[in-house]
Amino acid sequence: MIVVLLILMLFCAVQTIHTSHLLHAVLWLASSSVVTSILLYTVGAHEIAVIELSVGAGLTMVLLVFAITVVGESTQQIDKPHWGYLVMVMVIAIGFIVLTAPELSSQPAPDSQHFTETMWHERALDVVLQIALLFGGALTVLALLMQPVKEEDQVKEREVEEEILSQMSETIARVNATLEEELV
Amino acid sequence: MTSLEVLFVGAWLLLAVGFYVLMLAHDLIRAIIALQLMMKAAMLVLVVAGVSTGQTALGQSLAITAIVVDTIAIVIGLALVIVIKARLGTLDLGKIINVEDRGLL
């Protein structure tokens, strides 16, 4: 069962580079996330399976599709599958595993350890750091996307600023003139 | 081979496939997809480590941190892609890498 799911996940991952359209590659990535979520549920991590499903197949795919819509797809030549590279990289990975193979077997949980207790009490600092990271990421995106990139926009901004400054100086001059008249 | 060892091997192979996709990527967005695959593999290894020592909840908490970092990386990466496309006009990796030589800036 796990072997079948693993082969399916690796097939979906390899197909992301062998398709010509970018949207198809995003769909293959989303299906790879779905199979990963099923695998995680089979092994015993239930909460992570749900989160991986919603984030991987939902958020990531929506973000990528949005970015591809904004940027636009370019018709490029399809990347030829170099099976030799794939075999070489997989052999290197298996070499690493053989050299550093740990003995793994699933042990039962010592007490009835609840996931919420662990995450919100023991690893509370992790959660605080994640929130800070998310805010930092949102601010970075705002800073990146709100700058005028073209020179025409920058020139327009400068013109608007100069207009505002000249209007302000005119009003100040008028106010000064009226004050002087009243004083005299 | 127990099921956890099979999953561990599978996570390593997913990392290898992600690296293969990164090697063959012509486009900047496909490079981001490759990074996503590699981060998923790292998250799988974290969960496997948690389940194998009996501390499932701890492994899952660390894996949630990995997912959050994954999401932030893709969000900032896509914002950079939009800015690069607006400023340089192309997303071809071969042209972006030597930006000054190829006269794009």
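All chains use their own residue numbering, which begins from 1 and follows the written sequence. Both sets of labels track the order of writing: A upward for chains, 1 upward for ligands. In keeping with the model being predicted, local features are shown solely for residues with a pLDDT of at least 70 and side-chain atom pairs are shown and tallied solely at 80 or more, while totals for entire chains, interfaces and linings include all residues. To get the side-chain values, all heavy atoms of the structure are used, and hydrogens and water are removed first.

Novice: When you look at the overall build of chain A in this model, what are you seeing that I'm missing?
Specialist: Each helix and strand in chain A was counted, giving seven helices and zero strands. Helix numbering and strand numbering both begin at the N terminus, where a helix is a DSSP run of H or I of at least 4 residues and a strand a DSSP run of E of at least 2. In chain A, the succession of α and β elements from N to C terminus is α-α-α-α-α-α-α. Accessibility here uses a 1.4 Å probe with only protein chains present; expressed as a share of the type maximum, an area under 20% marks a residue as buried, one over 50% as exposed, and anything in between as partly exposed. Counting across all 184 residues of chain A, residues that qualify as buried make up 28%. Pairs at least 24 residues apart make up 59% of the contacts formed inside chain A by residues separated by at least 6 positions. Accessible surface area values rest on a Shrake-Rupley calculation with a 1.4 Å probe, where residue burial reflects the displayed protein chains alone. If you sum the accessible surface of chain A, you get close to 12500 Å²; carbon and sulfur atoms cover 67% of it. Contacts were defined at the residue level, with two residues in contact if any of their heavy atoms lie within 4.5 Å.

Novice: Got a minute to help me understand the environment of B:L93 in this structure?
Specialist: For B:L93, the position within the fold is in helix 4 (residues 93-97). When residues no more than four places from it in sequence are discounted, the contact partners of B:L93 are B:A25, B:H26, B:D27 and B:L28.

Novice: How should I be thinking about the packing of helix 5 (residues 115-122) of chain A against helix 3 (residues 56-88) of chain B in this particular structure?
Specialist: The geometry of a pair of packed helices is captured by two quantities: the angle between their axes and the separation between those axes. Running from amino to carboxyl end, helix 5 of chain A crosses helix 3 of chain B at an angle of 60 degrees, the nearest separation of the two axes being 9 Å. As the angle between them shows, helix 5 of chain A and helix 3 of chain B are arranged oblique. Taken as a pair, helix 5 of chain A and helix 3 of chain B cross one another with a handedness that is right-handed. Touching A:F115, A:T118 and A:M119 of helix 5 of chain A are B:A57, B:L58, B:Q60, B:S61 and B:I64, all from helix 3 of chain B. Split into classes, the residues belonging to the contact of helix 5 of chain A with helix 3 of chain B amount to five nonpolar, three polar and no charged. Lines fitted to C-alpha atoms define the axes here, with helix axes fitted over just the stretch in contact, and angles between the N-to-C directions of these axes take values from 0 to 180 degrees. Small angles under 35 degrees read as roughly parallel and large ones over 145 as roughly antiparallel, with 65 to 115 read as roughly perpendicular and the rest as oblique. By definition, turning the near helix anticlockwise from the far helix through less than a right angle yields a left-handed crossing, and turning it clockwise yields a right-handed one. Lys, Arg, Asp and Glu make up the charged group, whereas Ala, Val, Leu, Ile, Met, Phe, Trp, Tyr, Cys and Pro make up the nonpolar group; the residues left over, Gly among them, are polar.

Novice: Which parts of the structure should I look at to understand the pattern of salt bridges?
Specialist: A side chain of one charge can pair with a side chain of the opposite charge when the charged atoms of the two come close. All names here are of chain A. Basic side-chain nitrogens of Lys or Arg form a salt bridge, by our definition, when they fall within 4 Å of a carboxyl oxygen of Asp or Glu. Here the structure, examined in full by the defined rule, presents three salt bridges over all chains. R123 is the partner of D126 in a salt bridge, and the nearest nitrogen-oxygen pair spans 3.1 Å. Taking the relative accessible area as the measure of exposure, R123 reaches 27% and is therefore partly exposed.

Novice: Whenever I open this one, a nonpolar patch on the surface confuses me. Can you help?
Specialist: In this analysis, a patch consists of residues with relative accessible area above 30% that form no salt bridge, clustered at 9 Å for like charges and at 5 Å for the nonpolar side chains Val, Leu, Ile, Met, Phe, Trp and Tyr. Where nonpolar side chains cluster on the molecular surface, the patch consists of A:Y85, A:M88, A:I92, A:F96, B:F19, B:L22, B:M23 and B:L35 and spans about 720 Å² of accessible area. Elements supplying a minimum of two residues to the nonpolar patch: helix 4 (83-99) of chain A together with helix 1 (3-24) of chain B. Per element, the largest residue contribution to the nonpolar patch is four residues, and it comes from helix 4 of chain A. Along the polypeptide, A:F96 turns up in helix 4.

Novice: What is the right way to look at the nonpolar core in this model?
Specialist: What tends to happen in soluble globular proteins is that the nonpolar side chains get buried as a cluster. Ranked by internal contacts, the top residues of the largest apolar core, which has 66 residues, are A:I48, A:L64 and B:L14. Once residues within four sequence positions are removed from consideration, B:L14 is found in contact with A:M9, A:L10, A:A13, B:L37, B:K40, B:A41 and B:L44. Think of a nonpolar core as a cluster: buried Ala, Val, Leu, Ile, Met, Phe, Trp, Tyr and Cys residues, connected wherever their side-chain atoms sit within 4.5 Å.

Novice: I keep staring at the interface of chain B and chain A and nothing clicks. Help me out?
Specialist: How big an interface is tends to be expressed through the accessible area that disappears when the partners come together. Each partner contributes to the interface: chain B provides 65 residues, whereas chain A provides 79 residues. Here's the idea: put two parts together, see how much 1.4 Å probe accessible area each one loses, and the total over both is what we call buried area. Taken together, both faces of the contact between chain B and chain A bury some 6500 Å²; the carbon and sulfur share is 78%. Where chain B packs against chain A, one counts one salt bridge. In this structure, A:E52 engages B:K40 in a salt bridge whose closest nitrogen and oxygen atoms are separated by 3.2 Å. Polar contacts, as used here, are pairs of N or O atoms within 3.5 Å; protein pairs need one atom able to donate a hydrogen and one able to accept it. Residues neighboring in sequence count only if both atoms are side-chain atoms. Counting across the chain B and chain A interface gives eight residue pairs in polar contact (both at pLDDT 80 or more). Per element, the largest residue contribution to the side of chain B that touches chain A is 26 residues, and it comes from helix 3 of chain B.

Novice: Got a minute to help me understand a negative patch on the surface in this structure?
Specialist: Residue and element names in this part refer to chain A. The charge count treats Lys and Arg as positive and Asp and Glu as negative. His and the chain ends do not count. Positions of charges follow a simple convention, taking NZ of Lys, CZ of Arg, CG of Asp or CD of Glu. There is a patch of like negative charges on the surface, built from E157, E159, E161, E162 and E163. Tracing the sequence through the fold places E157 in helix 7 (residues 151-183). Look at E157 and you get partly exposed, because its relative accessible area is 43%.

Remember, this is a structural readout, not a statement about activity or role.
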